[in-house]
Amino acid sequence: MKWVKAPEGKITEHFSWDEAKCHCCVNVSNIDEVIKTAEWLERIRAILGCPIRISSWCRCPKKNAATPGAAKKSYHLKGVAADIICKIYSPANVQEFLGQYQGVGKLIGGMGLYSGFTHVDRGPARTWEE
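Residues numbered from 1 in each chain as written. Predicted model: local features only at pLDDT ≥ 70, side-chain atom pairs only at ≥ 80, totals over all residues. Heavy atoms only, no water.

**Section: the side chain of D83**
Item 1. For D83, the position within the fold is in strand β4 (residues 81-85).
Item 2. Taking relative accessible area as the criterion, D83 reaches 4% and is therefore assigned buried.
Item 3. Within the local environment of D83, its side chain forms a polar contact with the side chain of H76, the two groups lying 3.3 Å apart.
Item 4. With near-sequence residues (within four places) excluded, D83 lies in contact with R53, I54, S55, S56, R59, H76, F117, T118 and H119. (Helix = DSSP H or I, 4+ residues; strand = E, 2+ residues; numbered from the N terminus. Buried < 20%, exposed > 50% of the residue type's maximum accessible area, 1.4 Å probe, protein only. Polar contact = N/O pair within 3.5 Å; in protein donor to acceptor, adjacent residues only side chain to side chain. Contact = heavy atoms within 4.5 Å.)

**Topic: the pattern of salt bridges**
Item 1. The tally for this structure, following the rule as stated, stands at 5 salt bridges.
Item 2. As a salt-bridge pair, D18 and K21 come within 2.8 Å of each other at their nearest N and O atoms.
Item 3. A salt bridge links R122 to E33, with the nearest nitrogen and oxygen atoms 2.9 Å apart. Residue R122 is found in the loop between β6 (118-121) and β7 (126-129), and its partner E33 is found in helix α2 (residues 31-48); the two are separated by 89 residues along the sequence.
Item 4. Here R122 falls in the partly exposed class, since its relative accessible area comes to 29%.
Item 5. Judged by relative accessible area, E33 falls into the partly exposed class, the value being 22%.
Item 6. Connected through salt bridges with shared partners, the residues E33, K36 and R122 form a single ionic network. (Salt bridge = Lys/Arg side-chain N within 4 Å of Asp/Glu carboxyl O.)

Below, the structure written as structure tokens:
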């Protein structure tokens, strides 16, 4: 996969390329997938009814390898996962609330519960805890 320099500015109303790019190399894995993920995150934001802060979105292979507990084939490598923080809900509350939107044909695929954030992705339905 060829990583590309992240464009400048906003992707959608509430999410920017600055949030999407890898913290390590400032690139993104796939422009089209990142756009789809931003649109998907807008729907999650609307369901939660609160702003979402992204702690991790795209991760290059180097950054992913250096991230404790990251899967070797993480969806962050494809730009289709994000670790989100919602100030008004705990990660457990976010996961519990979004659980009704998880499953085949639904909004959420994977959802992981961590102490400071909730992982969400567009992959197959599955749930885990740190």
